[in-house]
Amino acid sequence: MLLGEFHRGRRLRRTPTLREMVRETELRPQDLIQGYFVVETADKDFERPIPSLPGQSQFSVDRLVARVGTAMDKGLRSLILFGLPEKKDPEGSGAYAADGIVQQAVARLKDAYPELVVVTDVCLCEYTSHGHCGLVDAHGEVQNDPTLDLLAQTAVSQARAGADIIAPSDMMDGRVAAIRLALDEAGFTHIPILSYAVKYASAFYGPFREAADSAPAFGDRRGYQMDPANVREALREAAADLAEGADMLMVKPAMPYLDVVRLVRDNFDCPVAAYQVSGEYAMLKAAIANGWLDPKRSVLEALTGIKRAGADCIITYFAEEVLEWL
Ligand code: PBG
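The model shown is predicted, which means the values in this text are computed figures rather than measured ones.

Cut-offs used in this document
- Residues numbered from 1 in each chain as written.
- Predicted model: local features only at pLDDT ≥ 70, side-chain atom pairs only at ≥ 80, totals over all residues.
- Heavy atoms only, no water.
- Patch = residues over 30% accessible without salt bridge, like charges linked within 9 Å, V, L, I, M, F, W, Y side chains within 5 Å.
- Areas by Shrake-Rupley, 256 points an atom, 1.4 Å probe, with all protein chains shown as cover.
- Salt bridge = Lys/Arg side-chain N within 4 Å of Asp/Glu carboxyl O.
- Helix = DSSP H or I, 4+ residues; strand = E, 2+ residues; numbered from the N terminus.
- Near = heavy atom within 4 Å.
- Polar contact = N/O pair within 3.5 Å; in protein donor to acceptor, adjacent residues only side chain to side chain.
- Nonpolar A, V, L, I, M, F, W, Y, C, P; charged D, E, K, R; others polar.
- Disulfide = S-S within 2.5 Å.
- Core = buried A, V, L, I, M, F, W, Y, C linked by side-chain atoms within 4.5 Å.
- Buried < 20%, exposed > 50% of the residue type's maximum accessible area, 1.4 Å probe, protein only.
- Contact = heavy atoms within 4.5 Å.
- Pairing = 2+ DSSP bridges.
- Right-handed = clockwise from strand over helix to strand, strands pointing away.
- Phe/Tyr/Trp six-rings, centres within 6.5 Å; stacked < 30°, edge-to-face > 60°.
- Lys NZ or Arg CZ within 6 Å of the ring centre and 35° of its normal.
- Expected span 1.5 Å × (residues − 1).

J.: Account for a nonpolar patch on the surface, naming residues and giving values.
T.: Residues Leu12, Met21 and Val22 make up a contiguous nonpolar surface patch of about 310 Å² in total accessible area. With respect to the helices and strands, the residue Val22 is situated in the loop between helix H1 (16-21) and strand S1 (32-39).

J.: Tell me what's going on with the site of the ligand, and back it up with residues and numbers.
T.: Lining the immediate surroundings of the ligand are 18 residues, of which Lys199, Arg209, Lys252, Ser278 and Tyr317 lie closest. Between the ligand and Ser278 there is a distance of 2.7 Å, counted from an oxygen atom to a side-chain nitrogen or oxygen. Within the contact set of the ligand, an oxygen atom lies 2.6 Å away from a side-chain nitrogen or oxygen of Tyr317. Isolated, the ligand exposes 400 Å² of accessible area, and the fraction of that covered by the protein chains is 100%. When the residues that make up the shell around the ligand are grouped by side-chain class, the tally is 9 nonpolar, 3 polar and 6 charged.

J.: How would you summarise the state of the cysteines if you had to cite specific residues and measurements?
T.: For the coordinates displayed, the defined rule picks out 0 disulfides. With no disulfide partner, Cys313 has as its closest neighbouring cysteine sulfur the one in Cys270, 10 Å distant.

J.: I'd like a description of the nonpolar core, backed by residues and values.
T.: Counting 110 residues, the largest nonpolar core has Phe37 and Val198 as the members making the most contacts within it. Here this core takes 8 residues from helix H4 (residues 145-161), the largest share from any one element. Non-local contacts of Phe37, meaning those with residues more than four positions away in its chain, are made with Ile50, Leu53, Ser57, Gln58, Phe59, Phe82, Leu84, Phe208, Ala211, Ala212 and Tyr317.

J.: Break down the pairing of strand S4 (residues 78-84) for me, citing the residues and quoting the values.
T.: In terms of burial, S4 is a largely internal element, 7 of the 7 residues being buried. Alignment of S4 against strand S5 (residues 117-122), held across 4 bridges, turns out to be parallel. Bridging across to S5, Ser78 finds its partner in Val117. Running through helix H3 (residues 101-112), the crossover from S4 to the neighbouring parallel element S5 is right-handed.

J.: Lay out the packing of aromatic side chains with the relevant residues and their values.
T.: Evaluation of the coordinates by the stated rule reveals 10 aromatic pairs. Judged by centre distance (5.7 Å) and plane angle (35 degrees), the ring pair of Phe37 and Phe82 falls under tilted. Of the two residues, Phe37 sits in strand S1 while Phe82 sits in strand S4, which places them 45 residues apart along the sequence. Comparing Phe37 with Phe82 shows no difference in burial state: the two are buried. The ring centre of Tyr205 lies 5.6 Å from the NZ or CZ of Lys199, which sits over that ring. Note that Lys252 overlies the ring of Tyr205, its terminal NZ or CZ placed 4.5 Å from the centroid.

J.: With reference to specific residues and values, describe unusual backbone geometry.
T.: What you tend to see is this: most non-glycine residues have negative phi, and most peptide bonds are trans. Residue Lys252 is joined to Pro253 through a cis peptide bond whose omega torsion reads -10 degrees. Tracing the chain through its elements places Pro253 in the loop between strand S10 (248-252) and helix H8 (258-267). Non-glycine residue Met171 carries a positive phi angle of around 65 degrees. Along the chain, Met171 turns up in the loop between strand S8 (165-168) and helix H5 (175-185).

J.: Help me get a handle on the pattern of salt bridges, residues and values and all.
T.: Following the criterion strictly, the structure yields 17 salt bridges and no others. A salt bridge links Arg222 to Asp220, with the nearest nitrogen and oxygen atoms 3.2 Å apart. Residue classification places Arg222 among the exposed residues on the basis of a relative accessible area of 64%. Among the residues examined, Asp220 registers a relative accessible area of 39% and is labelled partly exposed. Across the pair Arg265 and Asp312 runs a salt bridge, and its minimum N-O distance is 2.8 Å.

J.: How would you summarise helix H9 (residues 278-289) if you had to cite specific residues and measurements?
T.: With 12 residues, H9 extends 16 Å from end C-alpha to end C-alpha; this agrees with the ideal 16 Å at 1.5 Å per step. Counting buried positions over the 12 residues of H9 gives 9, a clear majority of the element. Within H9, the full set of buried residues consists of Ser278, Gly279, Glu280, Tyr281, Ala282, Leu284, Lys285, Ala287 and Ile288. Its buried side turned inward, H9 meets helix H6 (206-211), strand S11 (272-275), helix H10 (295-308) and helix H11 (319-323).

So this is what it looks like as structure tokens:
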């Protein structure tokens, strides 16, 4: 081959300005949704750092409102809330109580920051004494249909509190339909559903379950969350949730499932979200703390990879930190 005949890809990599000109993927502040943990406690000044999620804490409502204000000054536009109730019971009643911890936090946040986009996670696992995402029968089986009404009640109570987006993560069949119907009947036809449509039974939720105190007391979640080995099944889940009325689809976790993000992106034209879960955050933080990875470069590369795979927005515990770099 003669000189000049081969591909000279380096021509467009020569300077930072040239590289920027041809860059295909860009992480934007509005793509990022920060996850927060809020605790029901009489101590208004409560903040407890989460050991497995360095930099993240469990907050009282007051502390959360203050923390979110600081993050918004840096450009944060959206967050998702997870609640730790004072008491748990087999029915997870704290999830759908009008004055439940998430409902209180949403109301206070929207009051303080009307422009903030507040996403609420619909699930029972943080509120049930057994830690499962639905009602459990005498044999320890998680009951699908009897759970749907409770999930619908949870969604409506969150919308009443002021939530902007309802995000069911429980993986019960038919929950999007049940939630859509209940929201519409309660007058919330304008509130979108971001379905955790493609949610795998993942080991990478470990730190979250410690942070949200939501590990199942017996068994595991493989009877309702997806098998990590499956990808065609993701299409069935996504199609079902769209048919039931989901406005946006989520794939979770992100990094071990980038092929699934791409597949969902290519097969559906609704917005797609990906969740960089607690274990992904913990892995990066641990390597960074050891000096094994450069913080800014590794975190931006991981998030850019998720966008490049096709995610329009990303739930991540890195959002606050990344906003300082964008
Ligand atoms: C369930 C829920 C979980 C996460 C978000 N919503 C945990 C689970 O399914 O066990 C995990 C998020 C993370 O690991 O960061 N309500």
